[in-house]
Amino acid sequence: MIMRRLVPLLSQKSPAILDQWREILLGYYPPETVAFLKREKDPFANPIAHQLTKGLKDIWAVLLEDQDTDPARAALDEVIRVLALQHTSPSRALAFLFSLKQVIREQLAAELQDQTLAPEVVDLESRIDGLALLGFDDYVQRREKLNEMKVDEVKARVSGLLRRAGIDISNL
């Protein structure tokens, strides 16, 4: 379904929606971290906030423009990459996507009194659910890659220790 009437409303409220959505995502962090993430505007001094903000904007664009899965995966990866590195659980890492539904309902409360928008809202929420599924795949892939890197690091350390100890590892 094409969201002919909803997209202009969402576009108009984009700054407020993105700000509230970003606040929810930053709420995952301890208060002192949030203060830094909000205060430091330099993307080089604060790459996490920069990446999270960029990711949210890109995800939002994907939702409004009804893009294919490749741009959606790339947009999701901006945020998921940070959350996977921080050992966030899958449910917590993806909760930010589901929170967008509530943000939209709050920001468009008056407009959504018009029941003729209901099918478009259902379509939008279905898209958000689809992004969550893509995000879960991305999160799992990121975590698997991190675990592989840890295993490789342990193997390299053990191999080095065995060589220094004079143990032949070619037969192992």
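Structure shown above.
What you are looking at is a predicted structure, and each value in this text was computed from that prediction instead of being measured. (Residues numbered from 1 in each chain as written. Predicted model: local features only at pLDDT ≥ 70, side-chain atom pairs only at ≥ 80, totals over all residues. Heavy atoms only, no water.)

1. Re the overall build of the chain
So, step 1. Along its length, the chain carries 7 helices and 0 strands.
So, step 2. Listed by position from the N terminus, the elements making up the chain come as α-α-α-α-α-α-α.
So, step 3. Compactness check: the chain gives a C-alpha radius of gyration of 21 Å against a globular reference of 16 Å for 172 residues, more than 25% above the reference.
So, step 4. Projecting the C-alpha coordinates of the chain onto the three principal axes gives extents of approximately 75 × 35 × 25 Å.
So, step 5. Classification of the 172 residues of the chain by burial places 37% in the buried group.
So, step 6. A separation threshold of at least 6 residues defines the contact pool for the chain, and within that pool the share at least 24 residues apart is 75%.
So, step 7. Counting 23 positive and 26 negative side-chain charges, the chain places the centres of these two groups 5 Å from one another. (Helix = DSSP H or I, 4+ residues; strand = E, 2+ residues; numbered from the N terminus. Rg over C-alpha atoms; globule rule 2.2 N^0.38 Å. Buried < 20%, exposed > 50% of the residue type's maximum accessible area, 1.4 Å probe, protein only. Contact = heavy atoms within 4.5 Å. Lys, Arg positive; Asp, Glu negative; His and termini not counted. Charge placed at Lys NZ, Arg CZ, Asp CG, Glu CD.)

2. Examining the packing of aromatic side chains
So, step 1. Evaluated as defined, the whole model comprises 1 aromatic pair.
So, step 2. The ring centre of tyrosine 28 lies 4.4 Å from the NZ or CZ of arginine 92, which sits over that ring. (Phe/Tyr/Trp six-rings, centres within 6.5 Å; stacked < 30°, edge-to-face > 60°. Lys NZ or Arg CZ within 6 Å of the ring centre and 35° of its normal.)

3. Digging into the packing of helix H5 (residues 69-85) against helix H6 (residues 90-107)
So, step 1. Interaxial distance between H5 and H6 falls to 9 Å at its minimum, and their mutual angle equals 145 degrees. Our pair here, H5 against H6, has a crossing hand that is right-handed. Every residue of H6 that contacts H5 at Leu76, Val79, Ile80 and Leu83 is listed here: Ala93, Leu94, Phe96 and Leu97. (Axes fitted to C-alpha atoms, helices over the stretch in contact; angles between N-to-C directions. Left-handed = near helix turned anticlockwise from the far one by under 90°.)

4. Things to note about H6
So, step 1. Here H6 spans 27 Å end to end across 18 residues, near enough to the 26 Å set by a 1.5 Å rise per residue.
So, step 2. Within H6, the axis deviates most sharply at phenylalanine 96, by approximately 35 degrees.
So, step 3. Lining the buried residues of H6 we find helix H1 (6-12), helix H2 (14-26), helix H4 (47-65), H5 and helix H7 (118-164). (Expected span 1.5 Å × (residues − 1). Bend = angle between axes of the 7 residues up to and from the residue.)

5. Description of H4
So, step 1. When the terminal C-alpha atoms of H4 are compared, their 26 Å separation across 19 residues agrees well with the 27 Å that a helix rising 1.5 Å per residue should span.
So, step 2. Of the residues making up H4, those classed as buried are Ala49, Gln51, Leu52, Gly55, Leu56, Ile59, Trp60, Val62, Leu63 and Leu64.
So, step 3. Looking at the buried positions of H4, the neighbouring elements they touch are H1, H2, helix H3 (31-39), H5, H6 and H7.
So, step 4. The positive-phi residue at the C-terminal boundary of H4 is aspartate 66, with phi of around 50 degrees.

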